[in-house]
Amino acid sequence: MKGIIRFSNNLMERYLPDPFLFVIILTLVVFGMGLGLTGSSPVEMVAFWGEGFWALLAFSMQMVLVLVTGFVLASSPIFKKGLGKLASFAKSPGSAIIWVTLVSLAASWINWGFGLVIGALFAKELAKRVDNVDYRLLIASAYSGFLIWHAGFSGSIPLSIATEGHPFIDRIGVIPTGETIFASYNLIIIAALVIILPLLNRLMMPKKEETVAVDPKVLVEPEVEEQPAKTDMTPAERLENSWVLSAIIGVLGISFIAYYFIQNGFALTLDLVNFMFLFLGIIFHGTPRKYLIAVQEAVKGAGGIIVQFPFYAGIMGMMTASGLAAVISEAFVSVSTAQTFPLFAFLSAGIVNFFVPSGGGQWAVQAPIMLEAAEMLGSEPAKVAMAVAWGDAWTNMIQPFWALPALAIAGLKAKDIMGFCLIVLFVSGVVIGLGLLFL
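Residues numbered from 1 in each chain as written. Predicted model: local features only at pLDDT ≥ 70, side-chain atom pairs only at ≥ 80, totals over all residues. Heavy atoms only, no water.

Undergrad: Please explain the pattern of salt bridges as it appears in this structure.
TA: Two side chains carrying opposite charge are able to pair once their charged atoms lie near each other. This model, assessed by the stated rule, comprises seven salt bridges. With a closest N to O distance of 3.1 Å, Glu 210 and Arg 6 form a salt bridge. Of this pair, Glu 210 sits in the loop between helix H11 (184-203) and helix H12 (235-240) while Arg 6 sits in helix H1 (residues 2-15), and the two are 204 residues apart along the sequence. For Arg 6, a relative accessible area of 31% puts it in the partly exposed group. Close ionic contact of Lys 300 with Glu 297 constitutes a salt bridge, the shortest N to O distance being 3.2 Å. Taken together, the shared-partner salt bridges in this structure form one network comprising Glu 13, Asp 134 and Arg 136. (Salt bridge = Lys/Arg side-chain N within 4 Å of Asp/Glu carboxyl O. Helix = DSSP H or I, 4+ residues; strand = E, 2+ residues; numbered from the N terminus. Buried < 20%, exposed > 50% of the residue type's maximum accessible area, 1.4 Å probe, protein only.)

Undergrad: In this structure, what is going on with a nonpolar patch on the surface? I would like to understand it.
TA: On the surface, Phe 20, Leu 21, Ile 25, Val 29, Ile 306 and Val 307 cluster together into a nonpolar patch covering about 500 Å² of accessible area. For the nonpolar patch, the secondary-structure elements that each account for two or more residues are helix H2 (19-38) and helix H16 (303-321). In terms of residues, the nonpolar patch owes the most to one element, H2, which gives four residues. Relative to the helices and strands, Val 29 resides in helix H2. Residue class for Val 29 comes out partly exposed when judged on its relative accessible area of 38%. (Patch = residues over 30% accessible without salt bridge, like charges linked within 9 Å, V, L, I, M, F, W, Y side chains within 5 Å. Areas by Shrake-Rupley, 256 points an atom, 1.4 Å probe, with all protein chains shown as cover.)

Undergrad: Is there a simple way to think about the side chain of Ser 246 in this case?
TA: Mapped onto the fold, Ser 246 is located in helix H13 (residues 243-264). Residue class for Ser 246 comes out buried when judged on its relative accessible area of 3%. Filtering out sequence-adjacent residues up to four positions away, Ser 246 remains in contact with Ile 282, Ile 283, Gly 286, Thr 287 and Pro 288. (Contact = heavy atoms within 4.5 Å.)

Undergrad: Hey, could you run me through the packing of aromatic side chains in this one?
TA: The way to describe two aromatic rings as a pair is by their centre distance and the angle between their planes. The full count for this structure, using the stated rule, is 30 aromatic pairs. Relative to Phe 354, the ring of Phe 22 lies with its centre 5.8 Å away and its plane at 85°, an arrangement referred to as edge-to-face. One end of the pair, Phe 22, is in helix H2; the other, Phe 354, is in helix H18 (residues 341-355), with 332 residues separating them in the sequence. Here Phe 401 and Trp 402 contribute two aromatic rings whose centre-to-centre distance is 4.8 Å and whose plane-to-plane angle is 80°, an arrangement assigned as edge-to-face. Grouping aromatic residues by their ring pairs yields a cluster made of Phe 59, Trp 112, Tyr 143, Phe 146, Trp 149, Phe 309, Tyr 312, Phe 401 and Trp 402. Sitting over the ring of Tyr 185, Lys 383 keeps its end group 5.3 Å from the ring centre. (Phe/Tyr/Trp six-rings, centres within 6.5 Å; stacked < 30°, edge-to-face > 60°. Lys NZ or Arg CZ within 6 Å of the ring centre and 35° of its normal.)

Undergrad: When you look at unusual backbone geometry in this model, what are you seeing that I'm missing?
TA: Trans is the prevailing form of peptide bonds, just as negative phi is the prevailing case for residues other than glycine. The phi angle at Asn 132 is positive, at roughly 60°, despite the residue not being glycine. Mapped onto the secondary structure, Asn 132 falls in the loop between helix H7 (112-129) and helix H8 (135-144).

Geometric descriptors of this kind do not, in isolation, establish any biological role.
Okay, structure coming up:
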């Protein structure tokens, strides 16, 4: 096992480029595949790329806010104390790895944005408190919990087909979450991963001499500088350091959150998670000035998201408009039977997700093909939908797109964690595939 991990880490550290270079290479690969497999002309592929380039602007801003508001909330005194209390249960490197995996799995099952941020923040807190824990594996373990998000409460595909008026209602009707998220096969797969992933991450711990630990001092946020006495402050400085303003706007935000839960139940959305993080951060930091200083520190890590997400939107534009995603899906459909179709739907979704890393966007592309094939082969549409959902989540383990917020929080590069994530990809692929095939 140690030899396999060493090989995987060396492979990724040597050959995996920076995420920005990765997305450029991916763009060129998809461009070439579009020319070769769909019959699209170079001019058409350029048009598909450029027209799709800005399609993820709203989502990009949401992801920037996930990073910034989560980082700011975690840097508040109250939240740091809470994370520290939670981290105190880990007494050794092994228990830290298991603990962060379980927390990330639970948080990701509740909401994917919540899981991405909480996992990385908790990993940082553990790194401050547990000696000789491999920081790369700690962050990779936190990210591995993200694997189950699409089978949880925020899964975009199962929630979409459970909603009246969804785009494919004429073909499959409304499918309740009892047949998808809470179906027995889905819960068994989740339970298996909740047991296997923490143990797998624990087994991947490198030897002591190969452990890459981090100096806890590096992870400590800078202290806010002392302010002059109130008698020496200008009226503007008094407002900047007034807890009253933070309390008033914070209460307003908390009131809306309470109103939302009363009206909608415990249905977390990415916007609501960001809203919660933002206003809790304002309250927990005490004054507007302290909050803004934390924001200035947080935005330093958002550059990768801002620059790279438009390129992924361009790739999605080429994949969908050229029909390349459909070509890949149809290739798997052609070799499927009624029993094997969920497995092949899962594998095809995993490949498509590598180029279209968006659950909702991927479903829009693959659903017409997959649902028609399910009808022809006699497969359950609910299970096929969940197979696509699992495939979408599965290859996120080696797709830097979703790792960017966690990496920015941790201060690491993609190649630092992807060697571990590659092992998670293979093991989880076997678990999920067997579950979809036989359950």
